[in-house]
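Examining the three-dimensional arrangement
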Amino acid sequence: MDWVYIEDIAAHDGRDVEIRGWVYNKRSSGKVRFLLVRDGTGLLQATAFSADKDSPLFQQFDRLTQESSLVVRGRVREDGRAPGGFELSMTELEIVQIAQDYPITLKEHSTPFLMEHRHLWLRSSKQHAVLRVRAEVIKAVRDFFDGRGFRLMDTPILTPSACEGTTTLFETEYFDQKAYLSQSGQLYNEATAMAFGKVYCFGPTFRAEKSKTRRHLIEFWMVEPEVAFATLQDIIGLGEDLILFIMERVLTKRRHELETLERDPKPLEAIKTPFPRLTYDEAVPVLREKGSTIEWGGDFGAPEETIISELYTSPVCVTHFPAAIKAFYMQPAPENPDVVLGVDFLASEGYGEVIGGGQRIHDLALLEKRLEEHKLPREAYEWYLDLRKYGSVPHSGFGMGIERMVSWICGIKHIRETIPFPRLLYRIYP
Ligand code: 4AD
Ligand code: MG
């Protein structure tokens, strides 16, 4: 008998198969026993019928508890009433292990309790759906860049220099030197872009964020494209295409998961390119009119991002931020050097910034000046300065946070559920 996965069950209609999984739920009704089995790919109802309540199959069934592991065999039948449209007429049930007092029952639990049991919580249908969407988003990201001729470059995790400011650095020992966990692969990608033209890196990044928000993780995954000769406008176009590509992929391949999450797909379906654009200068009076107390020069917080995103049905690209609130490497705007050629993509429905990026400084003297102004140690950046000495060109790129995208797509307000094991300000267990 073939071992099959539940997500492939439709191809086995009418055949005898074996399913290996865990008990999700069970119930009895007269001469019928219903078992809801999960195998990691889906849920399947397995039914057993007997006139004899002491039949061997029923005896096995009665021992089962939630999350006990088992192997069931039987014939696949199409049945419109069953979840997923198929059912297994069970003929054999083998117990692998009986689970004792599984802590997560089908009733409500508090979030701290669930976070403490994250290793088990992953089995619940909603968490399962979110992480299947995450896997699809990552696959879409790779297909998008690979399909456009971008080269994948793996940038280091241990680095001697800061990319996104020194306040959120994780420091560690590197034999007799100091090292930091990477906040972004960008600086290295500027080097690989000069070697390969268009590149992307995709990996974990680390920020010692002391603030406790719904949108910040300490460890998160970021995809970062970098393109030699590209301008701010080029990179905005790339970000728009990427977001649309991911949406279309998830809406076709992960509809079922969005249904499980009770996520209304309409706002995602409504997204169209080009996205609305707004300069920082244009955004500030709009924000003040809507009740924000922001002054020119201040950074956007979550309330500001929400106000702006609620004005449109597609994500909004905000550009030309004050240089003082952005990273040292941002290229000043030619018409006004107080603002930079940077862009933040603010997701719709108040989910906040999903992409941050822009055009990089390509002039050696200006970059040297910025390193000094930001009090960054020149020795650690000599190699980065080299890129401005040997065939320097304008270039641009951005970073997209995978977890921010997943929380937006799934309609989940807290980012902690979008990664299997979130690292948070007050949590590193499990
Ligand atoms: O805006 P950020 O800090 O930009 C950079 O790191 C650039 N060096 C990227 C580049 O140009 N190559 O971060 C980029 C994105 C944000 O828009 C957000 O989606 C995500 O990374 N992000 C976080 N996600 C979760 N938790 C955090 N603490 C995050 N910080 C940034
Ligand atoms: Mg940013």
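Residue numbers run consecutively from 1 along every chain, following the written order of its sequence. By the order in which they are written, chains take letters starting at A while ligands take numbers starting at 1. Local features in this predicted model are restricted to residues of pLDDT 70 or higher, and side-chain atom pairs are both shown and tallied only at a pLDDT of 80 or more, whereas totals for entire chains, interfaces and linings draw on every residue. For the side-chain quantities, the full set of heavy atoms in the structure was used; hydrogens and water were omitted.

**Digging into the sheet that holds strand β12 (residues 219-228)**
- Ordered in space as β7-β11-β12-β19-β18-β17-β14-β13, the eight strands form an open sheet in which the pairing is mixed. Each having just a single partner strand, β7 (151-152) and β13 (277-279) make up the two edges of the open sheet.
- Pairing of β12 with strand β19 (residues 395-401) involves five bridges; the strand directions are antiparallel. The residue bridging Val227 from the neighbouring strand is Ser396, located in β19.
- Contact definition: two residues touch when any of their heavy atoms are within 4.5 Å. Only the stretch in contact is used when fitting a helix axis, every axis being a line fitted to C-alpha atoms; angles between N-to-C directions are given from 0 to 180 degrees. By definition, any uninterrupted DSSP run of H or I lasting at least four residues is a helix, any uninterrupted run of E lasting at least two residues is a strand, and each is numbered from the N terminus. Along the sheet, helix α9 (residues 280-289) contacts β13 and β14 (316-319); its crossing angle with β13, the most-contacted strand, is approximately 90°.
- Docked against the sheet, helix α13 (residues 402-410) engages β11 (198-206), β12, β17 (342-347), β18 (352-359) and β19, running at close to 55° with respect to β19. The pairing criterion is simple: DSSP has to find at least two bridges between the two strands.

**Details of the domain arrangement of the protein chain**
- In this entry, domain limits derive from an automatic or database-based domain assignment. Entries for the protein chain in the domain assignment read domain 1 (2-97) and domain 2 (118-418).
- Taking only C-alpha atoms into account, the centre of domain 1 sits 45 Å from that of domain 2.
- Opposite the six residues of domain 1 that make contact, domain 2 presents five residues.
- Throughout, buried area stands for the accessible area (probe radius 1.4 Å) lost by two parts on being put together, summed over both. Roughly 450 Å² is buried in total at the junction of domain 1 and domain 2, and carbon and sulfur atoms are behind 34% of that figure.
- Salt bridge, as used here, is a side-chain nitrogen of Lys or Arg placed within 4 Å of a carboxyl oxygen of Asp or Glu. Scanning the region where domain 1 abuts domain 2 turns up two salt bridges.
- The residue Glu67 makes a salt bridge to Arg123 at a minimum N-O spacing of 2.9 Å.

**Quick look at helix α12 (residues 378-386)**
- Residue exposure (1.4 Å probe, protein chains only): buried if accessible area is under 20% of the type maximum, exposed if over 50%, otherwise partly exposed. Turning to α12, its buried residues are Ala380, Tyr381, Tyr384 and Leu385. Looking down the long axis of α12, one finds its buried residues gathered within 135° of arc, a one-sided arrangement.
- Buried-residue contacts for α12 involve α5 (186-196) and α11 (364-373). Here the arc refers to the set of directions running from the helix axis out to each C-beta atom.

**Some thoughts on the site of ligand 1**
- Within the structure, ligand 1 sits among 25 residues, and Glu164, Gln186, Arg207, Glu224 and Glu353 are positioned closest to it.
- As used in this structure description, the phrase polar contact means that two N or O atoms lie within 3.5 Å; if the pair is within protein, one of them must be able to donate a hydrogen and the other to accept it, and residues adjacent in sequence are counted only when both atoms belong to side chains. Between Glu224 and ligand 1, the recorded distance is 2.7 Å, taken from a side-chain N or O atom to a nitrogen atom.
- Glu353 places a polar side-chain atom, nitrogen or oxygen, 2.6 Å from an oxygen atom of ligand 1.
- Coverage of ligand 1 by the protein chains reaches 94% of its 630 Å² of free accessible surface.
- Elements supplying a minimum of two residues to the shell around ligand 1: β12, β18 and β19.
- The greatest single-element share of the shell around ligand 1, amounting to five residues, is contributed by β18.
- Each residue is assigned to one class: nonpolar for Ala, Val, Leu, Ile, Met, Phe, Trp, Tyr, Cys and Pro, charged for Asp, Glu, Lys and Arg, and polar for all the others, Gly among them. For the shell around ligand 1, the per-class residue count stands at nine nonpolar, eight polar and eight charged. By convention in these notes, a residue is near a molecule or strand provided one of its non-hydrogen atoms lies within 4 Å of it. For the accessible areas, the method is Shrake-Rupley and the probe is 1.4 Å, while residue cover comes only from the protein chains on display.

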